[in-house]
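Each chain, written out:
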Amino acid sequence: MSVVAVVYVLTSVSAALLTWALAPFIRVILEAKPRIVKETTRPPMTLLDFVSRVALKRDDDCSVTGETFDDLILPDDVKQRLIDLTWTVRSSHEQGIPLTHFILHGPDGVGKQMAARLIARFSGIDFARVCGGEIGASGEKGVSQIQALFSWANTSSDGLLIYISQADAFLGSSKSSLMKGTGSKHNAASAFLLNVSKLRKGIILVPSTCREHDLDEGVLAHFDKSCSCHLPLPDSSCRKKLVEMYFNRSVVSFVQHNNESNRRTAGVLSIEDDLITGEQFGEIVAATRGLSGDAIRDLIVAMRQVLIENRTLTFSSAWELIEMRAKHHQDMQVLAGEHTLTSLDGDFDLQDVTFV
C-alpha cells in the first residue's frame, strides 16, 4: 500500500471518528429545541459554546438554605424536604452519579413548577418545562414529540431537569378518563418509558400531577417514591405569609410608587388603615381557606385593580371581591366533582364562612 493510500485511510478514519464524537452537538446546533419545550434556561448551543464548555468546567457555587426558597411559601417540613432533595440532586450531579427521577404532586397552583425550577437552579443544572397536556392532545405526533424531546435532552452537557406539567394527560392510569378511547396516548407513554432508560446520567425527569395515583403503575415504577414530594394547599400560617407577601408587592409598593411619582398629576392612592392588620387581616386569611397560592396572588392583583379604579381600597370593597372569588372557586370545585375544599386545616365548606 502506498503512502498516499495510508494517509487517505487514516484521514478517513479520523474524520469518521470526529464526526461520530461531535454528532450530538452538531445535531443540537442544527435542530431547535422541541416545540413541546415551552421554556428552558438552557441556551441554544453554538460551536463556540461547545468549545468553551469543553475547555472550561462549569462552576455553580450556590448555597442551598431556607432563604433560597423564600418565595415558595410551604409548610416548614415540606420546604425542608425540597431543600434536602436539592442537596441530593446537586451532590449526585457533582459526583457524576445518575440523577434520580421523582414526582411532584399536589393541587394546581401550590408551587410545583417553582419548586422544580428552584431545585434545578440550586443544583447547578438547566431547567426545561414541558406541557404534558399538549403531548396528550397531539395524537399520533405524540411519539415523535417524545423522541425529539429525549434526543434534545441527551445533548445537554451541563445537566438538565425536565419538568412535565399535567403529566397524567399522557402518562395517566389506564383507568383514568383522560386515557380512555385513544391509543395514541398509550403509544406516547410507551415511547416515554422506553426512552427513560436511555437518558444520560445528567438528565432528571420530574412529572407533576394533582394526585400521584393518577399516574400509571408502569410510570410510577420508574420514579423513586422516597424522593417524590407532595405540595399541599396552604394552611393558615402559609396563607398569612402569602397574603402579606402579595399585598406588599402588588398593592403597597404600587401605591408608594404612584404617590411618589404622580402626586401632582394623577393624585394619590389610598388604602384603608388596618386593612391588612389585626382583625380585618385575620378575616381575609380565614376567607382564603382552600385557595392555592396562585389563587391568592390573583386575588391580590384583582384588589390592586379595584384600587386603581376607585383610587382607594377599603375593607368592604376588598371583602366583596374575596366573596366573589371564593364563591367562584367553590363553583369550580363542584363542577370538578369535589364539593369539599381541603387544606391542611381540615375539610372546609364555603358555607362555614359568613360574608358581611
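Shown above is the structure to which this text applies.
Residues numbered from 1 in each chain as written. Predicted model: local features only at pLDDT ≥ 70, side-chain atom pairs only at ≥ 80, totals over all residues. Heavy atoms only, no water.

Given two aromatic rings, one states the distance between the centres and the angle between the planes to describe the pair. Tallied over the entire structure, the rule returns 4 aromatic pairs. Measuring from ring centre to ring centre gives 6.4 Å for phenylalanine 127 and tyrosine 163, while their planes differ by 25°; the resulting arrangement is stacked. With phenylalanine 127 in strand β3 (residues 126-131) and tyrosine 163 in strand β4 (residues 160-165), this residue pair connects regions lying 36 residues apart in the sequence. Of the two residues, phenylalanine 127 and tyrosine 163, neither departs from the other in class, the shared state being buried. Among the aromatic residues, those joined into a ring-pair cluster are Phe150, Phe170 and Phe192. The ring of tryptophan 152 has arginine 42 lying over it, and the distance from NZ or CZ to the ring centre is 4.7 Å. (Phe/Tyr/Trp six-rings, centres within 6.5 Å; stacked < 30°, edge-to-face > 60°. Helix = DSSP H or I, 4+ residues; strand = E, 2+ residues; numbered from the N terminus. Buried < 20%, exposed > 50% of the residue type's maximum accessible area, 1.4 Å probe, protein only. Lys NZ or Arg CZ within 6 Å of the ring centre and 35° of its normal.)

With respect to the element layout, arginine 239 can be found in helix α10 (residues 236-261). Owing to a relative accessible area of 2%, arginine 239 belongs among the buried residues under this scheme. Within the local environment of arginine 239, its side chain forms a polar contact with the backbone oxygen of valine 285, the two atoms lying 3.1 Å apart. (Polar contact = N/O pair within 3.5 Å; in protein donor to acceptor, adjacent residues only side chain to side chain.)

We now examine the pattern of salt bridges. Using the criterion set out here, one finds 9 salt bridges in the structure. The residue glutamate 134 makes a salt bridge to arginine 35 at a minimum N-O spacing of 2.8 Å. Taken together, the residues span a long stretch of sequence, with glutamate 134 in helix α5 (residues 132-137) and arginine 35 in the loop between α1 (3-30) and β1 (37-40) at a distance of 99 residues. Judged by relative accessible area, glutamate 134 falls into the buried class, the value being 18%. Residue arginine 35 is classed as exposed on the basis of its relative accessible area, which comes to 55%. Between arginine 117 and glutamate 39 there is a salt bridge whose closest N-O contact spans 3.1 Å. On the criterion of sequence distance, the pair formed by arginine 117 in helix α4 (residues 112-123) and glutamate 39 in strand β1 is long-range, its members being 78 residues apart. A residue is classified by how much of its surface remains accessible, and glutamate 39, at 25% relative accessible area, is partly exposed. (Salt bridge = Lys/Arg side-chain N within 4 Å of Asp/Glu carboxyl O.)

Looking now at the pairing of β3. Counting buried residues in β3 gives 5 out of 6 residues, a clear majority hidden from the surface. As paired strands, β1 and β3 are joined by 3 bridges and run antiparallel to one another. Within β3, the residue paired with valine 37 across the bridge is valine 130. The pairing of β3 with β4 spans 6 bridges and is parallel. Within β4, the position partnered with valine 130 by the bridge is isoleucine 164. (Pairing = 2+ DSSP bridges.)

In this section: the nonpolar core. If you look at the biggest cluster of nonpolar residues, it comprises 30 residues, and the most contacted ones within it are Phe247, Ile284, Ile300, Met303 and Leu313. Elements supplying a minimum of two residues to this core: α10, α11 (278-287), α12 (293-310) and α13 (315-335). Examining the composition of this core, we find that 8 residues originate from one element, α10, more than from any other. In contact with leucine 313, other than residues within four places in its own chain, are Phe247, Val251, Ser270, Ile271, Glu272, Leu275, Met303, Val306, Leu307 and Ala318. (Core = buried A, V, L, I, M, F, W, Y, C linked by side-chain atoms within 4.5 Å. Contact = heavy atoms within 4.5 Å.)

Take the sheet that holds β3 next. The 6 strands are arranged β1-β3-β4-β5-β2-β6 in an open sheet whose pairing can be described as mixed. Taken across any chain shown, the strands that pair with only one partner, and hence form the sheet edges, are β1 and β6 (229-230).

Orientation of helix α3 (residues 76-95) relative to α4, taken along the N-to-C sense of each, is 40°, at an axis distance of 9 Å. The pairing of α3 with α4 is recorded here as oblique in orientation. Considering only the axes of α3 and α4, their crossing is right-handed. Of the residues in α4, those in contact with Leu82, Leu85, Thr86, Val89, Arg90 and His93 of α3 are Ala115, Ile119, Phe122 and Ser123. Of the residues contributing to the contact of α3 with α4, the split by class is 6 nonpolar, 3 polar and 1 charged. (Axes fitted to C-alpha atoms, helices over the stretch in contact; angles between N-to-C directions. Parallel < 35°, antiparallel > 145°, perpendicular 65-115°, else oblique. Left-handed = near helix turned anticlockwise from the far one by under 90°. Nonpolar A, V, L, I, M, F, W, Y, C, P; charged D, E, K, R; others polar.)

The periodicity of an α-helix, 3.6 residues per turn, causes residues three or four positions apart to be oriented the same way. In this model, α4 (12 residues) spans 16 Å end to end at C-alpha, consistent with the 16 Å of a helix rising 1.5 Å per residue. Along α4, the residues that are buried comprise Lys112, Ala115, Ala116, Leu118, Ile119, Ala120, Phe122 and Ser123. As for α4, its buried residues are in contact with α3, β2 (104-105), β3, β4 and β5 (203-209). Once α4 ends, the next one or two residues include glycine 124, with phi positive near 80°. (Expected span 1.5 Å × (residues − 1).)

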